[in-house]
Amino acid sequence: MAKTLHRLIVSVVVSALAGIFFVAPAANADVSPMIVGGTRASTADYPWVVYLASTSGSQFCGGTLVKANKVVTAAHCVKGRTPASTRVVHGRDDKQSTAGTVASVTKIWVHPSYTTATAGYDVAVLTLDRNINSATLPLATPADTALYAAGNSALILGWGTTSSGGSASRYLLKANVPLTSDATCKSAYSQYSNTSMVCAGFPQGGVDTCQGDSGGPLVFGGKLIGDTSWGRGCAAAGYPGVYGRIAPYNSVISAQL
Ligand code: ARG
C-alpha cells in the first residue's frame, strides 16, 4: 500500500517537472517556430478571415468579411491604393496554394478622419466585385462594452511576419492575447486613445500580431472587436499590440455595408 502510494507521488512529481520543461521553451518567443507565439490555423475554422494582395498576388494585410461583398480592414493598409490594384483572397490558408477565391475590389472607403494609425480612425471598408458564400463576422456594437474588458482572451489571425522585421508567414497563423486595460496601454503609448483603439498582449510579450497582419481581426465573444493597427516592434514586453476599436465605428462602418 505504502509502496503504491509512494510510486504514485513519485510519478506525479516527475510528470509535473516534465511539464515545466516541456512548457518553458514554447513560452519563449525566440524558439517559437511560428508567428510571435502563434500556431497554424485553417480558414475552414475562421471562414471570415481574408488577406489583401496586390494584383501579382503578394499579401500585404489582413481583413475580415463582414458581409458577402464587404471586408473591414485597416485604413493604413489601403489609403492611397486604387481598387483596381487590390485583391481580397478568401479561403486560402497557404499563400502558395490556389485554394479559395480571389475577389477584385470595386470600392475602397477609408474613415474620413484617418491620417495615421497612431492617431486612430484606422478602419476601412472594401467592396468586392462578388458575393462570397461564407460565414461573416458580426461587428461589435457600442452596447458591447463587456467584450472590451481587460483580461478577455482575444483571438488574432494573420499571414504576417513571424518576428519584428522578419519574413511573412506562408500559412495562416493564430494566437490568443489578453486585452489590456486602458491604463496599461496608455502607460506604454502616449498616443493611445480608448475611444478609437484597444490593446492586447501579455505583460511579458511573446505573442502578438506583426507586420502584414494589419487590418486583420481581433475577435472576442464571436464578434469583430478590433482590427490590427500598430505597435512598437512586435511581441515586446511592455508594448502590447494596438488595434482599431470597432464598437465606436460600428455606425460609420455599417453605413458602408
Ligand atoms: N502596422 C503593422 C501592419 O501594417 C501591424 C503591426 C502590429 N504590431 C504589433 N506590435 N501588434 O501590418
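Note that the structure is predicted; figures quoted are calculated from it, not measured.

> Summarise the site of the ligand; cite the residues concerned and give the values.
Taken together, the neighbourhood of the ligand is formed by 14 residues, with His76, Asp208, Thr209, Gly212 and Ser214 sitting nearest. Note that an oxygen atom of the ligand is positioned 2.7 Å from one of the backbone N or O atoms of Gly212. In the environment of the ligand, a nitrogen atom lies 2.9 Å from a nitrogen or oxygen atom belonging to the backbone of Gly233. Relative to its unbound accessible area of 350 Å², the ligand is 89% covered by the protein chains.

> An account of the sheet that holds strand β6 (residues 101–110) is needed here, citing residue identities and associated values.
With antiparallel pairing, the six strands of this closed barrel are ordered in space as β2-β3-β4-β7-β6-β5. Averaged over all neighbouring strand pairs, the angle between strand axes comes to 40 degrees, with direction disregarded. Relative to β6, strand β5 (residues 87–90) is paired through four bridges, and the arrangement is antiparallel. Considered in β6, the bridge of Val89 is made with Val102.

> How would you explain the confidence of the model for the protein if you had to name every residue and give the values?
The predicted model of the protein has a mean per-residue pLDDT of 89, with 86% of residues at 70 or higher. Between residues 1–33, whose pLDDT stays under 50, and residues either more than four places distant or in other chains, the model counts three contacts.

What counts, and at which threshold
- Residues numbered from 1 in each chain as written.
- Predicted model: local features only at pLDDT ≥ 70, side-chain atom pairs only at ≥ 80, totals over all residues.
- Heavy atoms only, no water.
- Near = heavy atom within 4 Å.
- Polar contact = N/O pair within 3.5 Å; in protein donor to acceptor, adjacent residues only side chain to side chain.
- Areas by Shrake-Rupley, 256 points an atom, 1.4 Å probe, with all protein chains shown as cover.
- Pairing = 2+ DSSP bridges.
- Helix = DSSP H or I, 4+ residues; strand = E, 2+ residues; numbered from the N terminus.
- Axes fitted to C-alpha atoms, helices over the stretch in contact; angles between N-to-C directions.
- pLDDT = per-residue confidence, 0-100.
- Contact = heavy atoms within 4.5 Å.

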